[in-house]
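A look at the structure
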Amino acid sequence: DAKTTQPPSMDCAEGRAANLPCNHSTISGNEYVYWYRQIHSQGPQYIIHGLKNNETNEMASLIITEDRKSSTLILPHATLRDTAVYYCIVLRSNDYKLSFGAGTTVTVRA
Amino acid sequence: KAGVTQTPRYLIKTRGQQVTLSCSPISGHRSVSWYQQTPGQGLQFLFEYFSETQRNKGNFPGRFSGRQFSNSRSEMNVSTLELGDSALYLCASSFTGGENQPQHFGDGTRLSIL
């Protein structure tokens, strides 16, 4: 499986955009990039996923570089409730098994 | 639309006992996966069920077992509990499984072994 590298932590001001980077330089052509987040004492929450194209939904945008070696999750207007650990995962074809690394602890400050 | 429901939320057991955890997937979802999450090991895949059949299995001992019913609800059983089984057990569901279908998690069952 392709490995991912994320910064251990980052701060963000409430109301500003939060840009979370993820490096996945060994990703294969048929592997998807997924983002989840987990707030303490809750189960992981699905945010967004993509293969090659940029994606946007009601929660966030996912920007994948043309060579697919890295991606950025964008939370357009961070709120205090976005404080969580964010996980970037690469999922290979026909693979159902999610595996989280250390993730990025995002703290949104008022 | 109701999310994934796991019961109970908290459970305390002693070594040697057994436990059964329950998971009700999102309506229409037929793939159910189970995970164990601990601070030291992170998220680890236990097994995945689809149409009442175990389709994938992680690297856990045979004390960990599961099943899925015809309504897609799933149960996980752990026998002869050990201290190291203390963890958050998470259930996740998707329509049919696969890399292009997000898995949606419940809030888990926190199991503590005394």
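So, here is what we can say about the structure in this document. (Residues numbered from 1 in each chain as written. Chains lettered and ligands numbered in written order. Predicted model: local features only at pLDDT ≥ 70, side-chain atom pairs only at ≥ 80, totals over all residues. Heavy atoms only, no water.)

1. A word on the sheet that holds strand β2 (residues 18-23) of chain A
- Reading across from one edge, β2-β7-β6-β5 (chain A) is the order of the four strands in this open sheet, with antiparallel pairing throughout. Sheet topology places β2 and β5 (55-56) of chain A at the edges, where each strand pairs with a single neighbour. (Pairing = 2+ DSSP bridges. Helix = DSSP H or I, 4+ residues; strand = E, 2+ residues; numbered from the N terminus.)

2. Considerations on the packing of aromatic side chains
Residue and element names in this part refer to chain B.
- Applying the stated rule across the entire model yields twelve aromatic pairs over all chains.
- Measuring from ring centre to ring centre gives 5.2 Å for phenylalanine 60 and phenylalanine 64, while their planes differ by 65°; the resulting arrangement is edge-to-face.
- Phenylalanine 60 gets classed as buried once you look at its relative accessible area, which sits at 15%. (Phe/Tyr/Trp six-rings, centres within 6.5 Å; stacked < 30°, edge-to-face > 60°. Buried < 20%, exposed > 50% of the residue type's maximum accessible area, 1.4 Å probe, protein only.)

3. Some points on the state of the cysteines
- Summed over the entire model, instances satisfying the criterion amount to two disulfides over all chains.
- One disulfide bridge connects Cys22(A) with Cys88(A), the sulfur atoms lying 2.1 Å from each other. Disulfide Cys22(A)-Cys88(A): the torsion about the S-S bond is -80°, which places it as left-handed. Of this pair, Cys22(A) sits in strand β2 while Cys88(A) is found in strand β8 (residues 84-91), placing the two residues 66 residues apart along the sequence. Here Cys22(A) and Cys88(A) have matching classes, each one buried.
- The disulfide partner of Cys23(B) is Cys91(B), and the gap between their sulfur atoms is 1.8 Å. Its S-S torsion of about -55° marks the bond between Cys23(B) and Cys91(B) as left-handed, since a negative value means left-handed. Taken together, the residues span a long stretch of sequence, with Cys23(B) in strand β3 (residues 19-24) and Cys91(B) in strand β9 (residues 87-94) at a distance of 68 residues.
- On the basis of relative accessible area, Cys23(B) is assigned to the buried category, the value being 0%.
- Unpaired in this structure, Cys12(A) has its nearest cysteine sulfur neighbour in Cys22(A), at a distance of 18 Å.
- On the basis of relative accessibility, which here comes to 7%, the residue Cys12(A) falls in the buried class. (Disulfide = S-S within 2.5 Å.)

4. Some thoughts on the environment of Asn77(B)
Residues and elements named next belong to chain B.
- For asparagine 77, the position within the fold is in strand β8 (residues 74-78).
- The sequence separation of asparagine 77 and arginine 63 amounts to 14 residues, and the corresponding C-alpha distance is 7.8 Å.
- Aside from chain neighbours lying at most four places away, what touches asparagine 77 is Gln18, Val19, Thr20, Arg63, Phe64 and Ser65.
- In terms of polar contacts, asparagine 77 uses its side chain to reach the backbone carbonyl oxygen of valine 19, at 3.3 Å. (Contact = heavy atoms within 4.5 Å. Polar contact = N/O pair within 3.5 Å; in protein donor to acceptor, adjacent residues only side chain to side chain.)

5. Looking at the sheet that holds β8(A)
All names here are of chain A.
- Spatially, β1-β9-β8-β3-β4 is the arrangement adopted by the five strands of the open sheet, whose pairing is mixed. Pairing within the sheet leaves two strands with one partner each, and these edge strands are β1 (9-13) and β4 (45-50). In this sheet, neighbouring strand axes are inclined to one another by 25° on average, regardless of whether the strands run parallel or antiparallel.
- In terms of strand pairing, strand β3 (residues 32-38) meets β4 through five bridges, oriented antiparallel. In the sheet register, tyrosine 36 faces β4, and the bridge partner there is tyrosine 46. (Axes fitted to C-alpha atoms, helices over the stretch in contact; angles between N-to-C directions.)

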